[in-house]
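# Summary of the model geometry
Next come the chains, spelled out residue by residue.
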Amino acid sequence: MKPQVLICDDDSHIREVISFALEKAGFDVSVASDGKQALVQFASVKPDLIILDIGMPEMGGLDVCRELRKTSDVPILFLSARDDEIDRVLGLEIGGDDYVTKPFSPRELIARVKVILKRSAAKAPAVASSENLSHGKLNLDDAAHRATFASEGLDVTALEFAILKTFLTQKNRAFTRDQIMNAAYASNIHVSDRTIDSHIRNIRAKLGSRGCASVIDTVHGIGFRLGTCETSA
């Protein structure tokens, strides 16, 4: 079956451009013109990914994302105007997987959609060398694509999982932001340092809420390194 993508934007021209590009690339498409309609469409079509405009009237993309994250980890690609940097960062912090700024290249958007879907897809069950990575109370089951802390499920996005896996496979290494980006995105797509910082901050917050305050340490002048993964208690 073709991957299903839900496009939510209040600009009909943008919806048409994205729909055309996605359908040409082999995707099935559904559309919504506002946030409330997007939630209805999501419940109806169960898309594999949502392209979500941040700056919509009434119910904007950030509010839609917050609502979806209560029950679903469906990948979300935000669309954002260039002057909405704060909103873009916030979008990543509350569970977005990536963002594209307007005006955008349809080819870049399609490439990002494919990367997100590839990253979030379930791992092949027949791979015998599936990794089970542990560090303190943090555990990553690569085959199931499941993260746990102190044996309890940890709700992370596909990119957050990929970033954690990067650190856990080389525990003593300090990574630059470019190295983290290349490992986690597994493509030639460029994202800003701020995007990586947002994902790191989100990971820290999620584990911090479990009592692990230093899962990723900042290495000044370089980037980041795996910290401790025990509870502070």
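First, a word on scope: everything that follows refers to the structure included in this document. (Residues numbered from 1 in each chain as written. Predicted model: local features only at pLDDT ≥ 70, side-chain atom pairs only at ≥ 80, totals over all residues. Heavy atoms only, no water.)

A few words on the sheet that holds strand β11 (residues 216-219). Strand pairing in a sheet is mediated by backbone hydrogen bonds. Such pairs are either parallel or antiparallel. In spatial order, the strands read β10-β12-β11; together these three strands make up an open sheet with antiparallel pairing. At either end of the open sheet lies a strand with only one pairing partner, and these are β10 (174-176) and β11. Taken pair by pair, the neighbouring strands of this sheet meet at an average axis angle of 35 degrees, ignoring direction. Where β11 meets strand β12 (residues 223-226), four bridges bridge the pair, whose relative direction is antiparallel. When the bridges of β12 are listed, valine 219 appears paired with glycine 223. Across the sheet, helix α6 (residues 158-169) lies against β10, β11 and β12, angled at about 65 degrees from β12, the strand it touches most. (Pairing = 2+ DSSP bridges. Helix = DSSP H or I, 4+ residues; strand = E, 2+ residues; numbered from the N terminus. Axes fitted to C-alpha atoms, helices over the stretch in contact; angles between N-to-C directions. Contact = heavy atoms within 4.5 Å.)

What follows is about the side chain of arginine 69. Structurally, the position occupied by arginine 69 is in the loop between α3 (61-68) and β4 (76-81). A polar contact is formed between the side chain of arginine 69 and the backbone oxygen of glycine 95, at a distance of 2.8 Å. Beyond its immediate chain neighbours, meaning those up to four positions away, arginine 69 contacts Val74, Pro75, Ile76, Ile94, Gly95 and Asp97. (Polar contact = N/O pair within 3.5 Å; in protein donor to acceptor, adjacent residues only side chain to side chain.)

What follows concerns the sheet that holds strand β7 (residues 138-141). With antiparallel pairing, four strands are arranged side by side in an open sheet as β6-β7-β8-β9. Each end of this open sheet is capped by a strand with a single partner; those strands are β6 (132-135) and β9 (152-154). Within this sheet the neighbouring strands show an average axis-to-axis angle of 25 degrees, counted without direction. The sheet contact formed by strand β8 (residues 146-149) and β9 spans three bridges and is antiparallel. Paired with threonine 148 across the two strands is glycine 153, which belongs to β9. Contacting β6, β7 and β8, α6 runs over the sheet at an angle of about 110 degrees to β7.

The subject of this paragraph is the nonpolar core. One finds Leu138, Phe167, Leu207 and Val215 to be the most contacted residues of the largest nonpolar core, which totals 28 residues. Per-element accounting of this core gives the leading share, seven residues, to α6. Beyond its immediate chain neighbours, meaning those up to four positions away, phenylalanine 167 contacts Phe175, Ile180, Ile200, Ile216, Phe224, Arg225 and Leu226. Grouped together as the second largest cluster of nonpolar side chains are 19 residues, Ile50, Ile54, Cys65 and Ile76 included. (Core = buried A, V, L, I, M, F, W, Y, C linked by side-chain atoms within 4.5 Å. Buried < 20%, exposed > 50% of the residue type's maximum accessible area, 1.4 Å probe, protein only.)

Turning to the packing of helix α1 (residues 12-24) against helix α5 (residues 106-120), a few remarks are in order. Two elements in contact, α1 and α5, have axes separated by 10 Å at closest approach and are oriented at 60 degrees. The orientation of α1 with respect to α5, classified from their angle, is oblique. Taken as a pair, α1 and α5 cross one another with a handedness that is right-handed. Contact with α1, carried on its side by Val17, Ile18, Ala21 and Leu22, involves Pro106, Leu109, Ile110 and Val113 of α5 and no other residues of that element. (Parallel < 35°, antiparallel > 145°, perpendicular 65-115°, else oblique. Left-handed = near helix turned anticlockwise from the far one by under 90°.)

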